[in-house]
Structures are given as C-alpha cells and as structure tokens.
Amino acid sequence: MIKSLSEFKQASAQAKENPDGFWSEVASEFQWKAPWKQTLDFDFSNPEVKWFVGGKLNITENCLDRHLATQPNKTAILFEPNDPAEAAQHITYKELHKRVCQTANMLKANGAKKGDRICIYMPMVPELAIAVLACARIGAIHSVVFAGFSATALAARINDASCSMLLTADGGFRGAKTIALKEIADEALVSCSTVNCCLVLQRTQQVVQWNSIDKWWHEELEKVDDNCPAEVMDSEDPLFILYTSGSTGKPKGMVHTCGGYMVYTAYTFKNVFQCQPNDVYWCTADIGWITGHSYIVYGPLVNGATTVMFEGVPSYPAFDRFWEVCAKHKITHFYTAPTAIRALEKHPTSLVEKHDLSSLKVLGSVGEPINAEAWHWYDEHVGKHNCPIVDTWWQTETGGILISSLAGVTPQKPTFATLPMPGVQVVLLNNEGDEIEGEGEGILAIKHPWPSIARTIWGDHERYKNVYFSAYPGYYFAGDGALRDAEGNYRITGRVDDVVIVSGHNLGTAPIENAINEHPEVVESAVVGYPHDIKGNALCTYVIVRDMGVDSSIIEKEIREEVAKTIGPIAKPDRILVVSGLPKTRSGKIMRRILRKLAAGEHDQLGDISTLLNPEIVEEIKRQNS
Ligand code: PRX
C-alpha cells in the first residue's frame, strides 16, 4: 500500500519509466496458477491489448480461497436489507466461499460451462454477488443487467451476448415498492431463444408465472454440494460483459478479462481507499453498474475487506437511511455518487446530525463531476472536516479508477479528481489532437494501456476501434473533457459526446431518441442534456409530431411510457417540447449544440447560427421556453 506522497511519486515515476516492470511487481502479489510469459502486448494503432500473457488464474481463488487460511471468520459481505426491520447478514469469508462453490455447482448442474454467457438480472441481495462469483468460479462470463432496466432492454442484452442462462428473482424490494423482476424477465425471454434455463431466487415471495425453463434457485441448490475447484482461466479469458450506453442506439457490451482486471481493481481499491483490516467499507452503487463490479465485489474481496451490500434506497424509510446505516454498522469508508449527495443535501442537516458518524474515515465520490456545493456539504456534514474525500474518475470501459487522490496520502482539491493513478498516462488534447502542456483545458485521453482497459466490445471489435481509438490515433479517447491546473490536477468537465450522465447513470441520447421515434405520432426527435441541481443533468426532448393540433400532454405521457418500456424509468425525459422543426445544418444534421443551449436557458449564448438551414425554429423554441 502506498503510504506517503513520496511513495506515490516514486510509484508513478517507476510506472511511467517501466510499466511492464511496475505492473509485473504488482501482479506478483496475487495467486496465479501459472506465471505470465509477457506482461503487456499492445498495439494502439490496431487496437489489441493483452496483459499478463499466458498467465493462469481464477479470480475467485484470489477473492475467497486465499483468505480462508488467514481470516476465515472475517465478514466478507455485510448485507443491509431494504427494510430496516429485517436483520442484517454478516457473511464470513468461509461462508461466502462455501456458498459461491455451491452456487457454481448449481450452475454446472444446469448445464453452464466455461465460456457460456450467463445473464444476471437480480436485486441487490447477497445472492447477486454470489452469482457473479459463481460464474467466475466456473469460467462462465457474467453479464449483469441492472434490475431497473425494462424487458426490452434486458432482451437486447441477452440476445447480444447469446446468453444461455438467466439468473433472476421473483421480485425485488426497492424502498416502498416491489419490482416484479420475474414478470419483466418473462416478457424479455419471449424474444430470447438462446436461454434454456432460468433460475429464480425467492426474495419477495410474490406470485410468479412458471415456464418450462424455470427452476427455483433454493430447490436446485439443495441438489448440489459445495466442493467446486476453480476453473483454470487464462489471463485474457473474458471475465464479464457489462453494457454501457454509446452514441448510437445499440448498447456496447464491454468485455473485461480475468488477469488485468483483477490486478488493477485490487491495486486501486487498496491504494485509493486505504482500507485497514478492521474497516467496514460501503459503496452504495448497484452491482448492475461497473462501480458495483469493481468496488463492491472484486476489488474489496481480493483485498480481504468487509464490503457492505445495501438493498434499499437513500430515501427509505426516510432521508436519513444512509446515515442510519453508517452508524449502525460503524462504516469507515463511504463511497457514493454526487447525485445522492445533492438529493440528501436538500433535507435538514439534523437528519445527518442525529446519527453518530464518528466511525467514518474516508468518503468517496463517483459517476459524475461533483459540484463545489455538494463537495463542501459532504465534507462538512458527513465527514465533519475530518475525512479525506476521494473523487474517483473512471468508466465502465476503464474497469477501475484512473484519476483520484489516495485517501489521506495525496492532496485533495474540491471538485478535482486530482492526479492519475500510477501507471495511467493521462493527457489533454486540443481539437487537432495535439497534446496540451501544463495548465489548460481539452479532451481527456490516455496514452498507454492500464491492466483493466476493456479489451473489446462483445461481437463488434470494429466498433471498439472506432469509438475509443480512431478519434485521436495513438490514444484511448474517453469521451470526457477536462481541465488541468498548474500542479497537474485534473477536473472533469463532462462528456464531449452524445452521452448524458443523469443521476450518475450513463445514458446515450440516441437509444432514447430511437425509443421515442417508435411512437406513431412522432416524426423526429432530439434528446439533449441540461443542468439540473440534483440529477447533475436532466433530459430535454424536442419532438416533431405528425399533427401539431394533438393534445401534447397525452403525447408527453405516452413518450415517457415508451422510454420506460424500451429502456427503463431512469431514461424518462424530464422535459418534452413539441416543436414544428429542429435546428439543422444545410446537410441535415441536427445542431445539438444549439438545442443544449436552449434547454439550459442560455438563449443569448447560442453562438453562430448563420449556418442553420432554419434559423426561425430557434426563435420558436425560445418563445416556447419562456
Ligand atoms: O463522464 C464521466 C463520468 O461517468 C462516465 C462513465 O460512466 P460509467 O461508464 O457509467 O461509469 C460510471 C462509474 C465509474 C465518465 O465518462 N464520471 C465518472 N466518474 C466521474 C465522472 N465525471 C466526473 N467525475 C468523476 N469522478
């Protein structure tokens, strides 16, 4: 563990000078079944990245078996249910190992084998983490789909990866609501011919329909034992697929592989959070997102930490649930999203103050830029000016944290993610693709691969090359803008493409437009993001309808329903404006830059609109806005 600023500087210098030597040394701390023959094999001109080439391992041996001798009775997963009246569960490393092995055997008994894709659509209960690890144990590739996605979105993801199995639950608890997961899964599976087995966990006990491929999880589990040797995996065998939004309609199945992902998530967890043996670490994300994969499951478990899984929401039963749970479990590390902080900041501080938060040592932020107000509120009311805040910048594609301070070790700066991790060579580019030196603002790009960079997009390596490596040849293009101060600290300014981060969720505008265009009355639509004081960004949709005389409130309602059905409730637009046209260039391209300014109410900052084919439409939208 890096313990001082000088050690950090030394590690960064060493990693820059000799990346292979640096990462080889880091990787040697883990349990391998066979050593690697080459540390890194890469070519950014024809993007292929391989780390620890020829190495053999199983990540679950590093998460579980390795700790059995030293800390079998330490809590691995601390589960806090949605309902505070339901008892929390403390699952020890020994017990987790046993349950993962047994679940792995259940998967095998139902036909799963190495290389198969298994889709997981589950609530935030321990069995979700166990299912993820069980897949990894047998070498099946897990594809977790966030349980807030719709049937259509689930089906698209299952079909994209030709999953052979679906793991789900009867339902899930979320605040005062229950979500009928099995019902949604049933609807999805109607169009998924590759799935031949659906294992259903009982969580809510609600009534469900039963199909010929369905089996109850608890019944299947009873039929198998808990002896399951770990499958031998190559470093570069896929560990999982996780979908993220892109600039086009189709989600991108990012593929992460076993060796590099393990090394990097474990290394960054250890150094960013600086967890000590008796600490209790809580990341409030859902395992359906990359944050949950890397920093609820794999990173903490490889490090032998206690990781909290929370099933509920910050507002249930009241807006002090986060603080209540922190006090109840004596949380030492609390890692959440700015959107949650902004939502909680709107409530009286007495809700925070009534709980004893003295156990807290480190706070974290992830998923979107944290604004100054939220940063200071977090620092003052939650951290009591006593807890370093790590603002961690990274992506589904990067697998692990690329830019962040190390808690209490490297300096923090409000609203800045600060410095790149050792081994991460961040640059700022201008529009011509030249590197900017010193202080400045530009496009964030990365010059050299790090071990957990996604290796491909499932089934579409061309798209991988195009999206990440063709905009600025020789660099990984992250899609974010950033500025850098004189000390080299980075502040992320937001997306520079057609992805909008709404409440920390990464949403492509293209798939939302595709969904809206399905409405029979809609001729054309354009979705843009605009600043929102809680969500960070909200979505504004401009729609052209066939009959301008129709009742727009009905259309608006139907559009929201359509989006919820096709993607999920998280993508529902906040504002919908029925317009007679969209500002377009002479070549017919929608001028989204102008729509973004209009949505933000920045009517006098539209810039040059002389190239527009239809400038009158801008005036019309301005009138509607005011
Ligand atoms: O725009 C950046 C923003 O989230 C995007 C990645 O989203 P996703 O793949 O869903 O992963 C989110 C969790 C890692 C980035 O391109 N982002 C993430 N973290 C930060 C951030 N923006 C500013 N500051 C951050 N700390």
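Below, the structure is looked at part by part. (Residues numbered from 1 in each chain as written. Predicted model: local features only at pLDDT ≥ 70, side-chain atom pairs only at ≥ 80, totals over all residues. Heavy atoms only, no water.)

### Describing the overall build of the protein chain
Defined as follows: Secondary structure is summarised from DSSP: a helix means a run of H or I of at least four residues, a strand means a run of E of at least two, and numbering begins at the N terminus for each. Each residue is assigned to one of three classes by its accessible area relative to the maximum for its type, calculated with a 1.4 Å probe on protein chains only: buried under 20%, partly exposed between the two thresholds, exposed over 50%. Accessibility throughout is a Shrake-Rupley quantity obtained with a 1.4 Å probe, and a residue counts as covered only by protein chains that appear here. Residues counted as positive are Lys and Arg, residues counted as negative are Asp and Glu, and His and the chain ends are not counted. The atom standing in for a charge is NZ when the residue is Lys, CZ when it is Arg, CG when it is Asp and CD when it is Glu.
Of the regular secondary structure elements, the protein chain holds 19 helices and 31 strands. Projecting the C-alpha coordinates of the protein chain onto the three principal axes gives extents of approximately 75 × 60 × 55 Å. The buried share of the protein chain, reckoned over its 626 residues, is 59%. Counting only carbon and sulfur atoms, one obtains 50% of the accessible surface of the protein chain, whose full area is about 23400 Å². Each charge class in the protein chain can be summarised by its mean position, and for the 59 positive and 76 negative side chains these summaries are 2 Å apart.

### Here's the deal with helix H5 (residues 126-138)
Convention followed: The length a helix should cover is 1.5 Å for every residue beyond the first.
Taking 1.5 Å per residue, 13 residues should reach 18 Å; H5 reaches 19 Å between its end C-alpha atoms and fits that length. Of all 13 residues making up H5, 13 are buried, and the element is well covered by its neighbours. Gly139, located one to two residues past H5, shows a positive phi value of around 80 degrees.

### Some remarks on the packing of helix H1 (residues 5-17) against helix H2 (residues 19-27)
For the record, the criterion: Interaxial angles span 0 to 180 degrees and are taken between N-to-C directions of axes, which are lines fitted to C-alpha atoms, for helices over the stretch in contact. Convention used here: angles under 35 degrees read as roughly parallel, angles over 145 as roughly antiparallel, angles from 65 to 115 as roughly perpendicular, and any remaining angle as oblique. By definition in these notes, contact holds between two residues if any of their heavy atoms fall within 4.5 Å. Gly is placed with the polar residues, together with every amino acid not listed as nonpolar (Ala, Val, Leu, Ile, Met, Phe, Trp, Tyr, Cys and Pro) or charged (Asp, Glu, Lys and Arg).
For the pair H1 and H2, interaxial distance at closest approach is 5 Å and the crossing angle is 120 degrees. The angle between the axes of H1 and H2 places the two elements in the oblique class. Of the residues in H2, those in contact with Ala11, Gln14, Ala15, Lys16 and Glu17 of H1 are Pro19, Phe22 and Glu25. Considering only residue class, the contact of H1 with H2 consists of 4 nonpolar, 1 polar and 3 charged.

### Section: the site of the ligand
As a reminder of what qualifies: Note on definitions. A residue lies near a molecule or strand when any single heavy atom of the residue is within 4 Å of it. In protein, a polar contact requires one atom able to donate a hydrogen and another able to accept it; more generally it is a pair of N or O atoms within 3.5 Å, and residues adjacent in sequence count only if both atoms are side-chain atoms.
In the region of the ligand, 17 residues are neighbours, and Asp391, Thr392, Thr396, Asp480 and Arg495 sit closest. For the ligand, a nitrogen atom lies 3.3 Å from a polar atom in the backbone of Glu368. In isolation the ligand offers 540 Å² of accessible surface; the protein chains occlude 95% of this area. Breaking the shell around the ligand down by element, the ones donating at least two residues are helix H10 (290-302), strand E20 (389-392) and strand E26 (490-495). Looking at the shell around the ligand residue by residue, the class counts come to 7 nonpolar, 6 polar and 4 charged.

### Considering helix H14 (residues 372-382)
Listed in full, the buried residues belonging to H14 are Ala374, Trp375, Trp377, Tyr378, Asp379, His381 and Val382. For H14, the secondary structure elements touched by its buried residues are helix H11 (321-328), strand E18 (333-336), helix H12 (338-345), helix H13 (350-353), strand E19 (362-366) and E20. Of the residues trailing H14, Lys384 is marked for its positive phi of about 50 degrees.

### Considerations on the nonpolar core
Spelled out, the test is: We define the nonpolar core as a collection of buried residues of types Ala, Val, Leu, Ile, Met, Phe, Trp, Tyr and Cys that are connected through side-chain atoms lying within 4.5 Å of one another.
Among the nonpolar cores identified, the biggest contains 164 residues, and Leu96, Leu107, Ile120, Leu167 and Tyr298 are the most heavily contacted of them. With near-sequence residues (within four places) excluded, Tyr298 lies in contact with Ile59, Cys63, Val132, Leu133, Ala136, His142, Leu239, Phe240, Tyr261, Thr265 and His293.

### Topic: the packing of aromatic side chains
Two measures describe an aromatic ring pair: the distance that separates the ring centres and the angle between the ring planes. Note the cut-off: Within 6.5 Å between ring centres, the rings of Phe, Tyr and Trp (the latter by its six-membered ring) count as paired, and their orientation is classed by plane angle as stacked under 30 degrees, edge-to-face over 60, tilted in between.
Considering all chains together, one arrives at 39 aromatic pairs under this definition. With a centroid separation of 5.6 Å and an interplanar angle of 55 degrees, the aromatic rings of Trp23 and Tyr264 are classed as tilted. With Trp23 in helix H2 and Tyr264 in helix H9 (residues 258-273), this pair connects stretches of sequence that are 241 residues apart. Arranged with centres 6.4 Å apart and planes meeting at 50 degrees, the rings of Trp323 and Trp377 form a pair that is tilted.

### With respect to the environment of Ile570
The topology assignment puts Ile570 in the loop between helix H17 (552-566) and strand E31 (575-578). The spatial distance from the C-alpha of Ile570 to the C-alpha of Asn227 is 41 Å, given a sequence separation of 343 residues. In this structure Ile570 touches Phe149, Trp289, His505 and Leu507, once residues within four positions along its chain are discounted.

### Thoughts on the sheet that holds strand E30 (residues 536-545)
Keep this limit in mind: Following DSSP output, two strands are said to pair if at least two bridges run between them.
As summarised here, the arrangement of the 3 strands in space is E29-E30-E31, forming an open sheet in which the pairing is mixed. Two strands bound the open sheet, and with one partner strand each, they are strand E29 (522-532) and E31. Pairwise comparison of adjacent strand axes, ignoring direction, gives a mean angle of 20 degrees for this sheet. Sheet topology places E29 next to E30; 10 bridges connect them, and they run antiparallel. Its bridge partner being in E30, Val528 is matched across the sheet by Cys540. Across the sheet, H17 touches E29, E30 and E31, and the angle it forms with E31 is around 135 degrees.

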